[in-house]
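Tertiary structure, described
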Amino acid sequence: MHKWPFILLTIIFVFVSVIGCCAPKTAPASAPAAVAPTNPAPAQSSVLAAKAVSAEDVAWNKVVEAAKKEGKVTAYSYNWVGDIGMEVKKTFESRYGISLDIITGRGAEFIERLKTERRLNQRAGDFTEGSPGHITSMKADGLVISVTTELPALREKDVWWVDPAYLDPVDRVNLTLTQQVDSPTINTNLVKPGEEPQSWKDLLDPKWKGKMSLRDPKLSALIIAMFVGLLDKKIWDENYMKALHKQELKYIISTIDEARMLSQGEIYMSALGSGNGMTRFAAQGAPIRVVTMKEGEIVSGISMAVIANAPHPNAAKVLINWVLSQEGQSVVGKGLSALPVRKDVPDFRPLTVRTKMVNPIMVTQANLDEGSKRYQDRWYDKVVGR
C-alpha cells in the first residue's frame, strides 16, 4: 500500500523532465542586439538611386508644366519644310499640347533676324535648326545658349551613335539633330558602273569637265569647314581646289535644287552630293547613287540650339529634348531620310546613298570655327579666283 505514492511521484518527475528537455531554448535576455551594416544593402542603394532620379524627373516635370503654360514655341528652320514640317508639328503638338510655329528660311537670314530682334528687344524665335556653320556663327554672336544639363534625353545611356554635343563638347550649345555624310554622288543613268570616281583626285579627270556641281561655298560656313577638314587630312590642297574650279563647276546654292538637277540629268555628278537633299530625292526613287571615296567621306550633320532670351524658354527646352527622344528622332529622321544620332532608331537613308564609312572624315568644332573665319573672309573665292 505504501509503495503507490512513491511510484506516482516517480512517474510525475520523469514526465516533467521529458517536457523540459523538449521545450525550445530562448536566448538570454542580456544577449546583444545585431549591429546594422555600415554600408547600405543593394536594395537600399537602389532606393537611394531612385530618389535621385526622381528629383531630376520632378525638375523636368516642372519645365514641362511651365512650357504648357507658355503654350507656344517658335522654330526657325531650314529643313522642316513641306511634309516633314507638318509631321513634326502634328506629333509634337499631340505629345505636349504646345503649339509649334515653324518659320522656314536660310541660316544666314536667321542670323540677321536674331540680331535685329535683339537690337529692338522684340524676341520672337525660341529654337533654331540648320547648318552647323550657322549655329556656330550664332553662338559666336551670343544668339544661342546651352540647355543640355536640363535635358532628360541626354541622360540616356548607350543609345547614341555619336554624342549629340560632339561638335561642341565644352560649351554644348550646338547639338546634332541628324548626321549627314557627304561624298560625290552620281546619276546612274548617265554614269555607268565602273565609270564613277574612286578617289577625290578622280574628280579632276577631264571627262567630268562641265558635268559636275558643287554646293556653293557662299551657302554656309559648313561647306568651308568640309574643305578645311579635307585640307587637314591632306586629301585636298589649294592647288587641288583651283584645278577643281577649272572643271567648270556649276555652283548651286540650294541643296534641293542640286538634288533635282542631278536627278533630272542636268548634271552627271555632285562633288559633295550625298547630304540630306540627295537622300530625300533618292527615297523618292531618283536615279542617284553615292560613291565611296577610298580616302574617306565627310561626316557632319544638321545642328540645333535654343535661342538666347527666348520668349518661350521652357517650351524651347521641351522641343529640343523631344527632337533628341526616340520619337523625335524617328519623325525627323524619317522625314529627312536621314541617319539619326540614336542607335534605337533606324537609318532612314536609302541604300543607294549609304557609304561604307571606312574612313569617316569628321567635321569638328575646330573645322567649323576655322570655316566660319574663312567664310567671312571669302577665302574660297580668293583661292580659286572666282
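It should be noted that the structure appears before, not after, this text.
Residues numbered from 1 in each chain as written. Predicted model: local features only at pLDDT ≥ 70, side-chain atom pairs only at ≥ 80, totals over all residues. Heavy atoms only, no water.

Here the focus is helix 6 (residues 221–232). One turn of an α-helix holds 3.6 residues; hence residues three or four places apart share an orientation. Taking 1.5 Å per residue, 12 residues should reach 16 Å; helix 6 reaches 16 Å between its end C-alpha atoms and fits that length. Of all 12 residues in helix 6, 11 are buried; the element is thus mostly enclosed. Regarding helix 6, the residues found buried are Ala-221, Leu-222, Ile-223, Ile-224, Ala-225, Met-226, Phe-227, Val-228, Gly-229, Leu-230 and Leu-231. Positioned one or two residues after helix 6, Lys-234 has a phi angle of 60°, which is positive. (Helix = DSSP H or I, 4+ residues; strand = E, 2+ residues; numbered from the N terminus. Expected span 1.5 Å × (residues − 1). Buried < 20%, exposed > 50% of the residue type's maximum accessible area, 1.4 Å probe, protein only.)

Turning to its location among the elements, Glu-109 is positioned in helix 4 (residues 107–120). Distance from Glu-109 to Tyr-76, taken between C-alpha atoms, is 10.0 Å for residues 33 residues apart in sequence.

As a further point, take the packing of aromatic side chains. All chains considered together, the criterion is met by nine aromatic pairs. Relative to Tyr-96, the ring of Phe-92 has its centre 5.4 Å away and its plane inclined at 45°; by these criteria the two rings are tilted. Of this pair, Phe-92 and Tyr-96 are both found in helix 3 (residues 82–96), four residues apart, which corresponds to roughly one turn of the helix. Residues Trp-236 and Tyr-240 carry aromatic rings whose centres are separated by 4.9 Å and whose planes lie at 35° to one another, so their mutual orientation is tilted. For Tyr-240, a relative accessible area of 6% puts it in the buried group. Ring-pair connections join several aromatic residues into one group, and the members of that group are Trp-200, Phe-227, Trp-236, Tyr-240, Tyr-251 and Tyr-380. (Phe/Tyr/Trp six-rings, centres within 6.5 Å; stacked < 30°, edge-to-face > 60°.)

The next subject is the side chain of Asn-174. Positionally, Asn-174 belongs in the loop between strand 4 (144–145) and strand 5 (175–182). A distance of 2.6 Å separates a polar atom in the side chain of Asn-174 from a polar atom in the side chain of Ser-303. Residues in contact with Asn-174, not counting those within four places in the same chain, are Pro-132, Ile-135, Thr-136, Pro-164, Ala-165, Leu-167, Asp-168, Ser-303, Met-304, Gln-365 and Leu-368. (Polar contact = N/O pair within 3.5 Å; in protein donor to acceptor, adjacent residues only side chain to side chain. Contact = heavy atoms within 4.5 Å.)

Attention now moves to the packing of helix 3 against helix 10 (residues 313–324). At a minimum axis distance of 11 Å, the contact between helix 3 and helix 10 shows a crossing angle of 115°. One finds that helix 3 runs roughly perpendicular with respect to helix 10. In this structure, helix 3 crosses over helix 10, and the sense of that crossing is right-handed. Contact with helix 3, carried on its side by Val-88, Thr-91, Phe-92, Arg-95 and Tyr-96, involves Val-318, Leu-319 and Trp-322 of helix 10 and no other residues of that element. Its residues assigned to classes, the contact of helix 3 with helix 10 comprises six nonpolar, one polar and one charged. (Axes fitted to C-alpha atoms, helices over the stretch in contact; angles between N-to-C directions. Parallel < 35°, antiparallel > 145°, perpendicular 65-115°, else oblique. Left-handed = near helix turned anticlockwise from the far one by under 90°. Nonpolar A, V, L, I, M, F, W, Y, C, P; charged D, E, K, R; others polar.)

With that settled, the discussion passes to the sheet that holds strand 6 (residues 185–187). To summarise the sheet geometry, strands pair through backbone hydrogen bonds and adopt either a parallel or an antiparallel arrangement. In spatial order, the strands read 8-7-9-6-10; together these five strands make up an open sheet with mixed pairing. Looking at which strands have only one partner, the edges of the open sheet turn out to be strand 8 (250–252) and strand 10 (288–290). As judged from the two bridges shared by strand 6 and strand 9 (residues 269–270), these two strands associate in the antiparallel manner. Residue pairing for strand 9: Thr-185 is matched across the bridge by Ser-270. (Pairing = 2+ DSSP bridges.)

The next point concerns the pattern of salt bridges. Once their charged atoms are close, side chains differing in charge can pair, the charge on each being opposite to the other. By the definition in use, this model includes 25 salt bridges. One salt bridge in this structure joins Arg-289 and Glu-196, with 3.4 Å as the shortest N-O distance. One end of the pair, Arg-289, is in strand 10; the other, Glu-196, is in the loop between strand 6 and strand 7 (212–215), with 93 residues separating them in the sequence. A relative accessible area of 14% places Glu-196 in the buried class. Asp-344 is the partner of Arg-342 in a salt bridge, and the nearest nitrogen-oxygen pair spans 2.8 Å. (Salt bridge = Lys/Arg side-chain N within 4 Å of Asp/Glu carboxyl O.)

It is worth spelling out the environment of Val-318 at this point. Within the fold, Val-318 resides in helix 10. In this structure the C-alpha to C-alpha distance between Val-318 and Glu-150, which are 168 residues apart in sequence, comes to 9.8 Å.

As a further point, take the nonpolar core. In terms of nonpolar packing, the biggest core is built from 78 residues, with Trp-200, Phe-227, Trp-236 and Tyr-380 touching the most fellow members. In terms of residues, this core owes the most to one element, helix 6, which gives nine residues. Look past the residues within four positions of Trp-200 in its chain and what remains in contact with it is Ser-183, Pro-184, Leu-230, Ile-235, Trp-236, Tyr-240, Ala-271, Leu-272, Met-293, Glu-295, Gly-296 and Ile-298. If you look at the next biggest cluster of nonpolar residues, it comprises 12 residues, including Met-261, Leu-262, Ile-288 and Val-290. (Core = buried A, V, L, I, M, F, W, Y, C linked by side-chain atoms within 4.5 Å.)

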